[in-house]
Amino acid sequence: KMGRDSAATLLGAAPLLNDPALQSYVNKVGTWVAQQSSVSNLTWRFGVLDSSNINAFAAPSGYVLITKGLIAILKNEAELAGVLAHEVGHIQQQHHLRQVVQQRISQAFIGESANVSFQMGLKGDSEVIQFKTTDLYSNGLARSDELEADRVGAVLAARAGYDPFGLPAALQTMDGLSADDPSLALLFKAHPKPAERL
């Protein structure tokens, strides 16, 4: 449910791009990469968002979305596979779920979560979880989670038969873009800088 709700939140911000051929291609590459993961039994869903921003997102339970802006700067399939593998890495390592659980534990220590859950019931409790996952997309995951997803992604891409330097090549392209480019604003807010990731 958290995965579906998170994907719905992302799709509410930008719809899927109306390009069936590109959607199919990204799903084929992504599914093949995901089959190399330790959670290959999930029903994986990949999609291209109709957004000029440069970014990609993962949601629990196998949802991965990439923007058309990011696809536009990728030079080859290995770079696409590397980016998708990074997002698959987040799901495999359960980064989103761990962060939400950590937030809930922190709230419980100050009594905030218990009060909200008591007052709103189970339905309200899921709304709190959805709100916190929305925060994850605007504020990002922990720096250590992003770096771990980079490492896991390189391994998954290599297992899938792609050049493991596909993601680093994409990061080099991002690093060469102007930091003032508005299409990079959310990416740089929610991720370590490309040079640090490299």
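From a predicted model like this one, the values you see are computed outputs, not experimental measurements.

I'd like a rundown of the overall build of the chain, residues and numbers included.
Assigned secondary structure in the chain consists of 10 helices and three strands. Listing the helices and strands of the chain from first to last along the sequence gives α-α-β-β-β-α-α-α-α-α-α-α-α. The buried share of the chain, reckoned over its 198 residues, is 49%. Across the chain, every contact between residues at least 6 apart in sequence was considered, and the portion connecting residues at least 24 apart equals 67%. For the chain, the exposed area adds up to about 9,600 Å²; of that, 57% sits on carbon and sulfur atoms.

An account of the sheet that holds strand E3 (residues 63-67) is needed here, citing residue identities and associated values.
Sheet strands pair via backbone hydrogen bonds, and the direction of the pair is either parallel or antiparallel. Overall, mixed pairing links the three strands, which are arranged E1-E3-E2 in an open sheet. Sheet topology places strand E1 (45-49) and strand E2 (56-59) at the edges, where each strand pairs with a single neighbour. Each strand of the sheet is rotated relative to its neighbour by a mean of 15°, with strand direction disregarded. In this sheet, E3 lies alongside E2 in antiparallel orientation, the contact comprising four bridges. Bridging across to E3, Phe57 finds its partner in Leu65. Contacting E1 and E3, helix H2 (residues 20-34) runs over the sheet at an angle of about 140° to E1.

A description of unusual backbone geometry should follow, citing residues and the corresponding values.
The backbone of Ser61 sits at a positive phi, close to 80°, despite the residue not being glycine. Within the secondary structure, Ser61 sits in the loop between E2 and E3.

Describe the packing of aromatic side chains, naming the residues involved and giving the relevant values.
Counted under the stated rule, the structure contains one aromatic pair. Taking the centre distance of 6.0 Å and the plane angle of 20° together, the rings of Trp44 and Phe46 count as stacked. Note on accessibility: Trp44 and Phe46 belong to one class, buried.

Provide a residue-level description of the confidence of the model for the chain, including the pertinent values.
Per-residue pLDDT for the chain has a mean of 83; in total, 78% of the residues score no lower than 70. The model gives residues 113-124 a pLDDT under 50, and that stretch makes eight contacts with residues more than four places away or in other chains. Below pLDDT 50 for its whole length, residues 126-131 participates in 10 contacts with residues either more than four positions away or in separate chains.

Provide a residue-level description of the packing of helix H4 (residues 77-92) against helix H7 (residues 143-159), including the pertinent values.
Direction vectors running N to C along H4 and H7 enclose 120°, while the axes themselves pass 7 Å from each other. With respect to H7, the axis of H4 lies oblique. Crossing geometry of H4 relative to H7 is assigned as right-handed. The residues of H7 that touch H4, namely those facing Gly82, Ala85, His86, Val88, Gly89, His90 and Gln92, are Asp145, Glu146, Ala149, Asp150, Val152, Gly153, Leu156 and Ala157. Here the contact of H4 with H7 is composed, by residue class, of six nonpolar, six polar and three charged.

Explain H4 to me, and be specific about the residues and the numbers.
The end-to-end C-alpha distance of H4, which contains 16 residues, comes to 22 Å, matching closely the 22 Å that a straight helix rising 1.5 Å per residue would cover. Where burial is concerned, most of H4 is hidden: 15 out of the 16 residues are buried. Capping the start of H4, Asn76 holds a side-chain oxygen 3.1 Å from the backbone nitrogen of Ala78, two or three residues further along. Just downstream of H4 lies Gln94, where phi reads positive at about 55°.

With reference to specific residues and values, describe the environment of Glu146.
Position of Glu146 relative to the elements: it lies in helix H7. Overall, the relative accessible area of 3% leaves Glu146 in the buried class.

Criteria and cut-off values
Residues numbered from 1 in each chain as written. Predicted model: local features only at pLDDT ≥ 70, side-chain atom pairs only at ≥ 80, totals over all residues. Heavy atoms only, no water. Helix = DSSP H or I, 4+ residues; strand = E, 2+ residues; numbered from the N terminus. Buried < 20%, exposed > 50% of the residue type's maximum accessible area, 1.4 Å probe, protein only. Contact = heavy atoms within 4.5 Å. Areas by Shrake-Rupley, 256 points an atom, 1.4 Å probe, with all protein chains shown as cover. Pairing = 2+ DSSP bridges. Axes fitted to C-alpha atoms, helices over the stretch in contact; angles between N-to-C directions. Phe/Tyr/Trp six-rings, centres within 6.5 Å; stacked < 30°, edge-to-face > 60°. pLDDT = per-residue confidence, 0-100. Parallel < 35°, antiparallel > 145°, perpendicular 65-115°, else oblique. Left-handed = near helix turned anticlockwise from the far one by under 90°. Nonpolar A, V, L, I, M, F, W, Y, C, P; charged D, E, K, R; others polar. Expected span 1.5 Å × (residues − 1). Polar contact = N/O pair within 3.5 Å; in protein donor to acceptor, adjacent residues only side chain to side chain.

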